[in-house]
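# Results of the structural survey
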Amino acid sequence: MNIKIDKEKCIGCGSCTAVCPELFELSGEDNKAQVKEKTEGEAEMSDKCAQEAVDICPVQAIEIEE
Ligand code: SF4
């Protein structure tokens, strides 16, 4: 699974980091969401909340590629 965040769309609302802190964080540079660096095992465990983040994002900036 590969997760992409469209930084052009992201408004830095922080919702994805709230529902899925294992996977998302806000960048200190531009205050927009970014995917945390993870090992493969950890990423697998986060699959469920990744989908929640996609659903909660108000601007559809998060995309999951299988
Ligand atoms: Fe950006 Fe969407 Fe995450 Fe909000 S929920 S910080 S708009 S990616």
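Scroll up to find the structure.
Just so it is clear, the model here is predicted, and its values are computed rather than measured. (Residues numbered from 1 in each chain as written. Predicted model: local features only at pLDDT ≥ 70, side-chain atom pairs only at ≥ 80, totals over all residues. Heavy atoms only, no water.)

## Details of the pairing of strand 1 (residues 2-5)
- Of the two faces of strand 1, only the one carrying I3 and I5 is buried; N2 and K4 on the other face are not.
- Here strand 1 pairs with strand 4 (residues 62-65) via four bridges, running antiparallel. Each residue of the ladder has a partner; that of I5, found in strand 4, is I62. (Buried < 20%, exposed > 50% of the residue type's maximum accessible area, 1.4 Å probe, protein only. Helix = DSSP H or I, 4+ residues; strand = E, 2+ residues; numbered from the N terminus. Pairing = 2+ DSSP bridges.)

## Some thoughts on empty space enclosed by the protein
- Scanning the model with the defined rule gives one cavity of 30 Å³ or more in all.
- A volume near 80 Å³ is recorded for the largest cavity.
- Lining the largest cavity are 14 residues; nearest its centre among them are C10, C13, C16, A33 and C57.
- Residues of the lining of the largest cavity, tallied by class, amount to twelve nonpolar, two polar and no charged. (1 Å grid on protein atoms, 1.4 Å probe; cavity = no way out; pocket = protein on both sides within 12 Å on 5 of 7 lines; lining within 4 Å. Points joined across faces, edges and corners; volume = space filled by probe spheres on them. Nonpolar A, V, L, I, M, F, W, Y, C, P; charged D, E, K, R; others polar.)

## What to know about the site of the ligand
- Taken together, the residues surrounding the ligand are C10, I11, G12, C13, G14, S15, C16, A33, C57, P58, V59 and I62.
- Among the detected pockets, the ligand sits in the largest cavity.
- A class-by-class count of the residues in the shell around the ligand yields nine nonpolar, three polar and no charged. (Near = heavy atom within 4 Å. Sits in = over half its atoms within 2 Å of the grid points.)

## Some points on the environment of V54
- Relative to the helices and strands, V54 resides in helix 3 (residues 47-56).
- On a C-alpha basis, the gap between V54 and C16 in space is 7.6 Å, while along the polypeptide they are 38 residues apart.
- The residues touching V54, leaving out its near neighbours within four places in the chain, are I62 and I64. (Contact = heavy atoms within 4.5 Å.)

## What to know about the side chain of S27
- Here S27 shows up in the loop between strand 2 (24-26) and strand 3 (33-35).
- Assessed through its relative accessible area of 7%, S27 is described here as buried.
- Excluding anything up to four places from it in sequence, S27 contacts K7, K32 and Q34.

The values are spatial; any link to function lies outside them.
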